[in-house]
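# Structural characterization, general
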Amino acid sequence: MVVNSKDGKELRSFKFKDEDPSQEVRAVERRILLETLANQLPPNTIRFSSGLKNIERDGSSGETLLELSDGTKLLAQVVIGCDGIRSRVAKWMGFSEPRYVGQCAFRGLGFYPKGHEFEPKVNNFYGQGMRVGIVPVSPTAVYWFICFNSPTLGPKITDPSILKQQARELLKNWPSDILNIVDLTSDETLTKTPLVDRWLWPTVSPPASLGRTVLVGDAWHPMTPNLGQGACCALEDAVVLSKKLAYALKYGSSPSAIEEALQSYGSERWPRIFPLSVKSNFVGSLLQWDNSIVCSVRDNIIIPKLVRLGPMLEHTNYQCEPLLPNLVDSKV
Ligand SMILES: Cc1cc2nc3c(=O)[nH]c(=O)nc-3n(C[C@H](O)[C@H](O)[C@H](O)COP(=O)(O)OP(=O)(O)OC[C@H]3O[C@@H](n4cnc5c(N)ncnc54)[C@H](O)[C@@H]3O)c2cc1C
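None of the values given here were measured: they were computed from a predicted structure.

In this structure, Gln 77 sits in the loop between strand 5 (73-76) and strand 6 (79-81). Sequence separation between Gln 77 and Ile 258 is 181 residues, and the spatial gap between their C-alpha atoms is 9.7 Å.

In structure tokens:
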């Protein structure tokens, strides 16, 4: 990992094998990850493009009634709400809207059909109230992001040409390499996202499950991206929940075995995700400093002399126990 100042001067470079060999960064293109996961399932297990319009408890059966935007109605024994930061399922369960943290992010994938020349490193550039990251994800694609302070949200813009223009404007005095990647970014990979989180205060926030409905990923614990853990935590959630459900289905004898499995998932995951959400927010405030004196101290003292990567990334060492094949092959 390399940390640079806004003008491209290297402030520090870290090697995971020197800092903490148990840690590493893997950049995975979202599309590839989703395709890989989906391909593990039998054909037609997933029904795509099924927007959830409404959710309610079915009084007679105690099951959950889901109404999709095409009018289809489904009666579900178990609902796993993994519908992201604006989750309808979470809203129905009584969760508050995620809170805007005063920062936005542009993200995109720059395409280099003949191959790029970036080394396989995470490159960070720190400015005042803004930082940029560049991470190669394949021999021909480079992921980039810009996080910038923005006290208000402004109008929602989806036109890629305007978004690209806005990103270019932010990068006006930054190294030209970064601008080139933005120019090589296809419209469909370019997004601008307001950064939000929701802290799951004990006793104040609703639990992760309500009856046989449960939340996973951003739907339950939206967190800012400053630690790069949101999707990682969503995957961990999925592993822990799968195991709990598999046990309940295979060995549970009481009628409430599934509800208890969902509650147990929530209890196991909360101590992991609550501190991470808080830490991520805190780290974001530090990284987005816009005071010139503070930024100078950061660039000249804190990053070159004080930062140690190992302890800072210790949270990535979470171990999910493996899914047991005999359970996965059972009724789940
Ligand atoms: C700038 C930025 C950088 C990030 N960097 C990292 C990183 O480096 N590492 C990391 O681990 N995480 C990172 N994250 C976080 C990561 O993107 C999220 O945590 C992750 O995508 C959450 O996955 P999810 O499946 O819970 O939700 P999502 O990825 O949001 O998926 C939700 C899905 O639900 C669907 N949906 C929504 N509403 C409905 C509905 N009503 N009906 C049906 N479907 C619906 C959506 O279409 C979508 O497919 C970053 C986030 C941002 C904003």
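From this point, the narrative continues.
To continue, consider unusual backbone geometry. Residue Ser 49 is not a glycine yet carries a positive backbone phi of 50°. Despite not being glycine, Thr 203 has its phi angle at roughly 70°, a positive value. If you trace the backbone, Thr 203 turns up in the loop between strand 11 (191-197) and strand 12 (209-210).

Looking now at empty space enclosed by the protein. Taken as a whole and judged by the stated rule, the model has one cavity of 30 Å³ or more. Here the largest cavity defines a volume of roughly 50 Å³. Residue composition of the lining of the largest cavity, by class: four nonpolar, two polar and four charged.

This part covers the domain arrangement of the chain. The domain boundaries assigned to the chain delineate domain 1 (2-11 + 102-197) and domain 2 (78-98 + 198-288). The junction of domain 1 with domain 2 conceals about 1,100 Å² of combined surface from both sides, 50% of it contributed by carbon and sulfur atoms. Counting the surface domain 1 buries against domain 2, the share from its top three residues, Arg 131, Val 196 and Asp 197, is 61%. Applying the counting criterion to the domain 1 and domain 2 interface returns zero salt bridges. Taken together, the connections running from domain 1 to domain 2 amount to seven residue pairs in polar contact (both at pLDDT 80 or more). Mapped by element, the contributors of at least two residues to the side of domain 1 that touches domain 2 are strand 9 (130-138), strand 10 (141-149) and strand 11.

Attention now moves to the packing of helix 4 (residues 160-170) against helix 5 (residues 176-183). At a minimum axis distance of 10 Å, the contact between helix 4 and helix 5 shows a crossing angle of 175°. As the angle between them shows, helix 4 and helix 5 are arranged roughly antiparallel. In contact with Lys 164, Ala 167 and Arg 168 of helix 4, helix 5 contributes Leu 179, Val 182 and Asp 183. The residue inventory of the contact of helix 4 with helix 5, partitioned by class, reads three nonpolar, no polar and three charged.

So, about the nonpolar core. Across soluble globular proteins, you tend to see nonpolar side chains buried next to one another. Among the nonpolar cores identified, the biggest contains 44 residues, and Phe 95, Leu 215, Trp 220, Leu 241 and Tyr 265 are the most heavily contacted of them. The greatest single-element share of this core, amounting to 10 residues, is contributed by helix 7 (residues 257-287). Both of domain 1 (2-11 + 102-197) and domain 2 (78-98 + 198-288) provide at least three residues apiece to this core. Other than its neighbours up to four places away in sequence, Phe 95 contacts Ala 90, Arg 198, Leu 200, Pro 206, Pro 207, Leu 215 and Trp 220.

Glancing now at the site of the ligand. The environment of the ligand is made up of 20 residues, and the closest members are Arg 30, Leu 52, Asp 218, Gly 230 and Ala 231. A distance of 3.0 Å separates a nitrogen atom of the ligand from a polar backbone atom of Gly 228. A distance of 3.0 Å separates an oxygen atom of the ligand from a polar atom in the backbone of Cys 232. Against a free-state accessible area of 1,000 Å², the protein chains account for coverage of 65% of the ligand. Elements with a contribution of two residues or more to the shell around the ligand: strand 7 (99-111) and helix 6 (230-251). Take the shell around the ligand: its biggest share by element is three residues, from helix 6. Taken domain by domain, the shell around the ligand gets at least three of its residues from each of domain 1 (2-11 + 102-197) and domain 2 (78-98 + 198-288).

Further remarks concern helix 5. For helix 5, the complete set of buried residues consists of Ile 178, Leu 179, Ile 181 and Val 182. Seen from one end, helix 5 has its buried residues packed into an arc of 155°, which puts them on one side. Where helix 5 is buried, its residues contact strand 7, strand 8 (123-126), strand 9, strand 10 and helix 4.

Opposite charge on two side chains allows them to pair when their charged atoms are near. For the structure shown, the criterion picks out 17 salt bridges. Taking the shortest distance from any N to any O, the salt bridge between Arg 26 and Glu 24 comes out at 3.1 Å. Where Arg 47 meets Asp 70, a salt bridge forms, and the shortest distance between an N and an O atom there is 3.2 Å. Of this pair, Arg 47 sits in the loop between helix 2 (30-39) and strand 3 (52-57) while Asp 70 sits in the loop between strand 4 (64-68) and strand 5, and the two are 23 residues apart along the sequence. When salt bridges that share partners are traced, they join Glu 236, Asp 237, Arg 269 and Arg 272 into one network.

Our focus in this paragraph is the sheet that holds strand 13 (residues 213-215). The three strands are arranged 6-13-12 in an open sheet whose pairing can be described as mixed. Every other strand in the sheet has two partners, leaving strand 6 and strand 12 as the edge strands with one partner each. Note that strand 12 and strand 13 share two bridges and pair antiparallel. Looking at the pairing, Ser 209 lines up with Val 214 of strand 13. Set on the sheet, helix 7 makes contact with strand 12 and strand 13; between it and strand 13 the angle comes to about 15°.

What counts as what
Residues numbered from 1 in each chain as written. Predicted model: local features only at pLDDT ≥ 70, side-chain atom pairs only at ≥ 80, totals over all residues. Heavy atoms only, no water. Helix = DSSP H or I, 4+ residues; strand = E, 2+ residues; numbered from the N terminus. 1 Å grid on protein atoms, 1.4 Å probe; cavity = no way out; pocket = protein on both sides within 12 Å on 5 of 7 lines; lining within 4 Å. Points joined across faces, edges and corners; volume = space filled by probe spheres on them. Nonpolar A, V, L, I, M, F, W, Y, C, P; charged D, E, K, R; others polar. Domains from an automatic or database assignment. Buried area = accessible area lost by both parts, 1.4 Å probe. Salt bridge = Lys/Arg side-chain N within 4 Å of Asp/Glu carboxyl O. Polar contact = N/O pair within 3.5 Å; in protein donor to acceptor, adjacent residues only side chain to side chain. Axes fitted to C-alpha atoms, helices over the stretch in contact; angles between N-to-C directions. Parallel < 35°, antiparallel > 145°, perpendicular 65-115°, else oblique. Contact = heavy atoms within 4.5 Å. Core = buried A, V, L, I, M, F, W, Y, C linked by side-chain atoms within 4.5 Å. Buried < 20%, exposed > 50% of the residue type's maximum accessible area, 1.4 Å probe, protein only. Near = heavy atom within 4 Å. Areas by Shrake-Rupley, 256 points an atom, 1.4 Å probe, with all protein chains shown as cover. Arc of directions from axis to C-beta. Pairing = 2+ DSSP bridges.

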